[in-house]
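Remarks on the overall topology
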Amino acid sequence: MKITVDEDKCCGAGQCALIAPEVFDQRDEDGVVVLLDAAPGEEHHGAVRESAQVCPAAAITVDEDA
Amino acid sequence: MTDTAATNTADLPEYPAPRDAACPFDPAPAARAEQAAGALRRVRMPTGQAVWLVTGHAEQRTLLGDARLSSDVTNENYPLPVDRPRPEESSVGFILMDDPEHARLRRMVASPFTVKRVQALRPAVQRIVDERIDAMLAGPNRADLVQDFALPVPSLVICELLGVPYADYDFFQRNSAAVINRDTPLPDRDAAMGALFSYLAGLVDDKAGSPADDVLSGLAQRVRDGEIDRNEAAKIGVLLLIAGHETTANMIALGTVALLEHPAQLERVREGDEATVASAVEELLRYLTVIQSGLRRVALEDIEVAGETIRAGDGVLLGLELGNRDARVFEDPDTLDVHRGARNHSAFGFGVHQCLGQQLARMELQVAYGTLYKRIPSLKLAVDAAELPFKHDGQVYGVYELPVTW
């Protein structure tokens with residue numbers, strides 16, 4: 001799994017940082033997503049998929065085959 | 001198209017429609033009938049404007065994530081909730097604007113609402129909640145849970161975050177209540193909005209001279225740096241003050257009514273661990289969806305969705321309370337089940353306008369629900385539920401009063 005985030009799209013809702021805090025964080029100054037781990041271990045895949053699904057700005061892309 | 005359509009809308013169903021008094025937690029039966037008929041329906045607003053009502057969860061998410069739907073209140077076709085002259089600018093900061101200006105302003109005030117900052121605030125919220133419960137328990141064993149608990153808790157928190165003196169609570173609560181009531185006569189609503197604007201503008205001026213660690217001081221600094229003007233700063237302050245306390249207050253009170261009416265669910269919350277309480281918060285957000293009049297948008301281009309074509313210039317309402325009862329997404333959607341784990345609800349909206357304060361709201365609700373029923377296990381309604389004054393006329397649903405005893 002390979003994750004990319006689009007900082008320009010991100011609206012700082014914080015859903016990803018809530019659901020997968022080992023993978024996503026937020027910049028303190030404006031809440032924009034910070035990707036902590038672009039290729040997380042399998043134990044995080046479920047939470048990453050949910051994060052991408054509920055991201056209101058579609059700012060998270062998950063490549064399952066990478 | 002609105003001018004010609006307005007003369008032909010008499011036969012369309014009205015939205016919003018009245019709820020069934022016997023089912024105060026459920027969406028209006030007429031709106032449910034439209035949902036049963038399709039994901040996209042034509043309805044008539046109170047202004048007479050014919051608009052699309054989006055009833056499906058998936059369709060709402062698709063459309064709220066589509067930049068071809070605009071939130072720009074100055075667009076000549078943007079659906080206004082009441083008959084009034086078209087505003088020349090948004091009166092409540094960035095929520096009635098589009099990107100990129102929306103994103104620029106929103107990011108200026110996002111910092112206190114991140115997951116980490118909100119978690120750091122949890123002990124302070126716990127203290128506020130405990131103090132309000134202490135005060136209730138010290139008095140006679142009867143209270144109005146709205147005035148004594150549901151409103152003060154989020155109001156104290158947002159005052160602290162923004163840098164608004166809580167001593168002014170009566171003033172700003174009275175005016176924000178007038179602003180969000182659908183039936184407030186227009187001149188009164190404008191006067192209330194004007195009073196809040198002047199008040200926040202004055203606070204921004206004060207903070208410029210004596211800054212503190214709060215949102216209004218940050219905005220005052222940006223005014224001084226020329227990033228925004230005083231007018232914009234004050235409007236963002238109005239938005240955060242209203243949104244920061246009315247919504248959560250209604251969820252605390254209405255959620256308590258719902259749980260008292262579903263004792264087995266209440267028992268699970270009272271006996272549950274933190275994860276159970278967090279799950280209950282998501283389910284109550286879904287089940288109650290207090291934003292009850294639909295999110296409003298206008299199409300900038302033709303958009304194909306669910307076999308229909310939304311034309312450029314068409315108004316669109318997203319009925320969140322309907323999408324959150326969509327049986328295609330939520331099994332047995334009309335059942336309150338605190339173990340459902342319903343994190344994919346749309347109670348905070350969707351798209352780039354999704355609620356900026358949602359993590360704060362979640363935490364406040366977790367602390368409020370997680371503490372109140374444990375500390376007052378015999379809490380019960382002091383009147384019959386049917387006698388409660390539900391906010392049928394509010395942009396935000398809830399109860400005006402909640403007499404309880406224990």
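Details of the structure are given in the entry above.
Only a predicted model underlies this, so the values are computations on that prediction, with no experimental measurement involved. (Residues numbered from 1 in each chain as written. Chains lettered and ligands numbered in written order. Predicted model: local features only at pLDDT ≥ 70, side-chain atom pairs only at ≥ 80, totals over all residues. Heavy atoms only, no water.)

1. A word on the overall build of chain A
Secondary structure assignment for chain A yields two helices and four strands. Its helices and strands taken in sequence order, chain A reads β-α-β-β-α-β from the N to the C terminus. By the compact-globule yardstick of 11 Å for 66 residues, chain A fits well, its C-alpha radius of gyration being 11 Å. C-alpha extents for chain A along the principal axes are approximately 30 × 20 × 15 Å. When the 66 residues of chain A are sorted by exposure, 47% land in the buried category. Sequence separation of at least 24 residues holds for 57% of the intrachain contacts in chain A that already meet a minimum separation of 6. Looking at chain A as shown, the accessible area adds up to about 3100 Å², and 45% of this sits on carbon and sulfur atoms. (Helix = DSSP H or I, 4+ residues; strand = E, 2+ residues; numbered from the N terminus. Rg over C-alpha atoms; globule rule 2.2 N^0.38 Å. Buried < 20%, exposed > 50% of the residue type's maximum accessible area, 1.4 Å probe, protein only. Contact = heavy atoms within 4.5 Å. Areas by Shrake-Rupley, 256 points an atom, 1.4 Å probe, with all protein chains shown as cover.)

2. Quick word on the sheet that holds strand 9 (residues 380–381) of chain B
All names here are of chain B. Pairing within the open sheet is antiparallel, and its three strands lie in the order 4-10-9. In the strand order of this sheet, the two ends are held by strand 4 (142–144) and strand 9, each with one partner. The pairing of strand 9 with strand 10 (residues 403–405) spans two bridges and is antiparallel. Residue pairing in the sheet places Leu 381 in a bridge with Val 404 of strand 10. (Pairing = 2+ DSSP bridges.)

3. Considerations on the pattern of salt bridges
If you walk through the whole model with that rule in mind, you get 28 salt bridges over all chains. Two residues, Arg 41 of chain B and Glu 34 of chain B, come together in a salt bridge whose shortest N-O distance is 2.8 Å. A relative accessible area of 12% places Glu 34 of chain B in the buried class. Among the ionic contacts, a cluster of salt bridges with common partners joins Glu 7, Arg 27, Glu 29 and Asp 30 of chain A. (Salt bridge = Lys/Arg side-chain N within 4 Å of Asp/Glu carboxyl O.)

4. A short note on the environment of Gly 194 of chain B
Residue position: Gly 194 of chain B is located in helix 9 (residues 186–209). Each C-alpha atom of the pair Gly 194 of chain B and Pro 100 of chain B lies 27 Å from the other, and the pair is 94 residues apart in sequence.

5. As for the sheet that holds strand 5 (residues 295–299) of chain B
All names here are of chain B. Spatially, five strands are ordered 1-2-8-5-3 in an open sheet, and the strand pairing comes out mixed. For this open sheet the edge positions go to strand 1 (40–44) and strand 3 (69–70), each flanked by a neighbour on one side alone. Here three bridges tie strand 2 (residues 50–54) to strand 8 (residues 315–318), and the two strands are oriented parallel to one another. Paired with Trp 52 across the bridge in strand 8 is Val 316.

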